[in-house]
Amino acid sequence: DAGVTQSPTHLIKTRGQHVTLRCSPISGHKSVSWYQQVLGQGPQFIFQYYEKEERGRGNFPDRFSARQFPNYSSELNVNALLLGDSALYLCASSFGLGNQPQHFGDGTRLSIL
Amino acid sequence: AQRVTQPEKLLSVFKGAPVELKCNYSYSGSPELFWYVQYSRQRLQLLLRHISRESIKGFTADLNKGETSFHLKKPFAQEEDSAMYYCALEFSGGSNYKLTFGKGTLLTVNP
């Protein structure tokens, strides 16, 4: 198993554009979470999805949205990009909800010019 | 609101010395706590969780509800323990899941 896979690995966008990041969980995992990590900080929770439903949301503006597909893969969408959105976006999957180890991907490095 | 504080950004010890990475949390409910580790050029991965009460790679962590702490300890540090360590607090209630990470402590074990 390749583990959690994310695409693309790197992305450069300009202010005002939108972006879609993709994540494939470990086979058998039904939960996917998204995190933003800026340099020098720990990962900051954005969303969790379980069985295609949103189960948690962090303190991020409505420009951030996500969804989970029937095959449990997920997309994170960010609209009207700002310079401050430049960060590493991590995806993690787990088997279920609650007290489950999170298995992280390598992340997508998003740079906003 | 839940919060995780790791007061040391950097920690440097010599091989064979004891190591303690501090983690304090703020949470009104019953906490679920984790330590995650990121070795150089590797993915962030789970090191241990308090509910398991297990020792992983010689590390242990005890939940102290009175002091709201979950410090990570190892009696004899090894060079391969050099990594970034994150403490994390989980809230899981209905449709309101959240996992909060601290800012992390970079541990360097010198030969």
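Given the structure is predicted, the values throughout are model-derived calculations rather than measurements. (Residues numbered from 1 in each chain as written. Chains lettered and ligands numbered in written order. Predicted model: local features only at pLDDT ≥ 70, side-chain atom pairs only at ≥ 80, totals over all residues. Heavy atoms only, no water.)

S.K.: For the overall build of chain B, give the residues involved together with the corresponding values.
M.R.: A tally of helices and strands in chain B yields 0 helices and 11 strands. The N-to-C order of helical and strand elements in chain B reads β-β-β-β-β-β-β-β-β-β-β. Taking 111 residues into account, the globule formula puts the C-alpha radius of gyration at 13 Å, and chain B, at 14 Å, falls close to it. Counting only C-alpha atoms and orienting by the principal axes, one finds that chain B spans roughly 45 × 30 × 25 Å. When the 111 residues of chain B are sorted by exposure, 41% land in the buried category. Restricting the contact set of chain B to residue pairs at least 6 apart, pairs at least 24 apart contribute 58%. For chain B, the computed accessible surface area is about 5800 Å², with 49% contributed by carbon and sulfur atoms. On chain B, the mean spot of the 14 positive side-chain charges and the mean spot of the 10 negative ones are 6 Å from each other. (Helix = DSSP H or I, 4+ residues; strand = E, 2+ residues; numbered from the N terminus. Rg over C-alpha atoms; globule rule 2.2 N^0.38 Å. Buried < 20%, exposed > 50% of the residue type's maximum accessible area, 1.4 Å probe, protein only. Contact = heavy atoms within 4.5 Å. Areas by Shrake-Rupley, 256 points an atom, 1.4 Å probe, with all protein chains shown as cover. Lys, Arg positive; Asp, Glu negative; His and termini not counted. Charge placed at Lys NZ, Arg CZ, Asp CG, Glu CD.)

S.K.: Describe the pattern of salt bridges, naming the residues involved and giving the relevant values.
M.R.: By the definition in use, this model includes 10 salt bridges over all chains. The salt bridge involving Glu 75 of chain A is made with Arg 22 of chain A; its shortest N-O contact spans 3.5 Å. Linking Glu 75 of chain A in strand β8 (residues 74-78) with Arg 22 of chain A in strand β3 (residues 19-24), this pair joins segments that are 53 residues apart in sequence. Across the pair Glu 20 of chain B and Lys 22 of chain B runs a salt bridge whose closest N-O atoms are separated by 3.2 Å. A relative accessible area of 29% means that Lys 22 of chain B is categorised as partly exposed. Counted as one network, the salt bridges with shared partners bring together Arg 22, Arg 67 and Glu 75 of chain A. (Salt bridge = Lys/Arg side-chain N within 4 Å of Asp/Glu carboxyl O.)

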